[in-house]
Amino acid sequence: MIHKRSSSIVKWIFIISIIEFIILNLISLLMPSSEVDDSTVFIEIIDYASIGFSLVFIVLFYKNYRAISVSSSTKTLMQGILKTRKTVKIYIYINIFMVIIGMFYALFVLSHNNHYFDKLNNIQSSVLIIAFLAFIGIFAGIIWLVYKVIYGILLKKLKYNYTELKKIDF
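Rules of the game
Residues numbered from 1 in each chain as written. Predicted model: local features only at pLDDT ≥ 70, side-chain atom pairs only at ≥ 80, totals over all residues. Heavy atoms only, no water. Helix = DSSP H or I, 4+ residues; strand = E, 2+ residues; numbered from the N terminus. Rg over C-alpha atoms; globule rule 2.2 N^0.38 Å. Buried < 20%, exposed > 50% of the residue type's maximum accessible area, 1.4 Å probe, protein only. pLDDT = per-residue confidence, 0-100. Contact = heavy atoms within 4.5 Å. Patch = residues over 30% accessible without salt bridge, like charges linked within 9 Å, V, L, I, M, F, W, Y side chains within 5 Å. Areas by Shrake-Rupley, 256 points an atom, 1.4 Å probe, with all protein chains shown as cover. Salt bridge = Lys/Arg side-chain N within 4 Å of Asp/Glu carboxyl O. Expected span 1.5 Å × (residues − 1). Core = buried A, V, L, I, M, F, W, Y, C linked by side-chain atoms within 4.5 Å. Phe/Tyr/Trp six-rings, centres within 6.5 Å; stacked < 30°, edge-to-face > 60°.

Draft legend 1. Summary view of the overall build of the protein. Counting secondary structure elements, the protein contains five helices and zero strands. Starting at the N terminus, the α and β elements of the protein follow one another as α-α-α-α-α. Taken over C-alpha atoms, the radius of gyration comes to 21 Å for the protein, far larger than the 15 Å a tight globule of 170 residues would show. In terms of overall dimensions, the protein has a C-alpha envelope of 70 × 30 × 20 Å along the principal axes. When burial is assessed residue by residue, the protein has 32% of its 170 residues classed as buried.

Draft legend 2. Region of interest: the confidence of the model for the protein. A residue-level look at the protein finds 90% of positions with pLDDT of 70 or above and a mean pLDDT of 84. Between the elements of the protein, mean pLDDT differs from a low of 65, seen in helix H4 (residues 115-118), to a high of 88, seen in helix H5 (residues 122-169).

Draft legend 3. Representation of the environment of Ile 142. Within the secondary structure, Ile 142 is located in helix H5. A relative accessible area of 45% places Ile 142 in the partly exposed class. On a C-alpha basis, the gap between Ile 142 and Ile 96 in space is 9.9 Å, while along the polypeptide they are 46 residues apart.

Draft legend 4. Inspection of the environment of Ile 92 at higher detail. For Ile 92, the location among the structural elements is in helix H3 (residues 74-113). Sequence separation between Ile 92 and Ala 67 is 25 residues, and the spatial gap between their C-alpha atoms is 21 Å. Apart from the residues lying within four places of it in its own chain, the contact partners of Ile 92 are Trp 144, Tyr 147 and Tyr 151.

Draft legend 5. Here's a closer look at a nonpolar patch on the surface. Judged by side-chain polarity, Ile 138, Ile 142, Val 146, Val 149, Ile 150 and Ile 153 come together as a nonpolar surface patch covering roughly 530 Å² of accessible area. When you line up the elements, Ile 153 lands in helix H5. By relative accessible area, which is 47% here, Ile 153 ends up partly exposed.

Draft legend 6. Region of interest: the environment of Ser 7. Note on placement: Ser 7 falls in helix H1 (residues 2-30). On a C-alpha basis, the gap between Ser 7 and Lys 166 in space is 17 Å, while along the polypeptide they are 159 residues apart. Apart from residues no more than four positions distant in its own chain, Ser 7 is found in contact with Tyr 65, Ile 68 and Ser 69.

Draft legend 7. Quick peek at H1. A rise of 1.5 Å per residue sets the reference length of H1, with its 29 residues, at 42 Å; its end C-alpha atoms lie 42 Å apart and thus fit the reference within 8%. Every buried residue of H1 is accounted for by Ile 2, Ser 6, Ser 7, Ile 9, Val 10, Ile 13, Phe 14, Ser 17, Glu 20, Phe 21 and Asn 25.

Draft legend 8. Here's a closer look at the nonpolar core. Counting 27 residues, the largest nonpolar core has Ile 13, Phe 61, Ile 81, Val 88, Tyr 147, Tyr 151 and Leu 158 as its most contacted members. Residue assignment for this core shows that the elements contributing at least two residues are H1, helix H2 (38-70), H3 and H5. Setting aside residues no more than four positions away along its own chain, Leu 158 makes contact with Ser 6, Ile 9, Val 10, Ile 13, Ile 81, Thr 84 and Arg 85.

Draft legend 9. Representation of the packing of aromatic side chains. Summed over the entire model, instances satisfying the criterion amount to ten aromatic pairs. Here Phe 14 and Tyr 62 contribute two aromatic rings whose centre-to-centre distance is 5.4 Å and whose plane-to-plane angle is 50°, an arrangement assigned as tilted. Taken together, the positions of Phe 14 in helix H1 and Tyr 62 in helix H2 put the pair 48 residues apart, joining distant regions of the chain. A residue is classified by how much of its surface remains accessible, and Phe 14, at 17% relative accessible area, is buried. On the accessibility criterion, Tyr 62 (38% relative accessible area) is partly exposed. Relative to Tyr 151, the ring of Tyr 91 has its centre 5.9 Å away and its plane inclined at 85°; by these criteria the two rings are edge-to-face. Pair noted here: Tyr 91 is in helix H3 and Tyr 151 is in helix H5, with a separation of 60 residues, a long-range link.

Written as structure tokens, this is what we have:
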């Protein structure tokens, strides 16, 4: 029974990652494109890197699902659960890191290429930059919370299955 539940949970992780990939890339495609300059090239690089990372993790989630669904021994199932939990956590951290990098770059471009900053004195510029940094922190925190809700529930169930298997195996 635990084997079937674990396999189902990992399947849902795989399905959610595909849905997330599709939705985020549709949003990216619907965004208006602007003139190509150095700033848009970097954003496109971040976008393509994000797509690449997402595809790699979708493949890893699928492999984890296949490994758990065909595992026969308790030990193999336990190892699969640990591997899946670790993969999901790395996926979450990489996605948050990519968002933070993109936002820091946006701050850099905004502060160096915008004539609005030229009209501000040092204190006003500093306050604006601090406010933007606070926004980056809050936004990254919100993304982390969303991931914790979406994947956290599934990871918690996997952890419970792992502890139940540990009790049975030892």
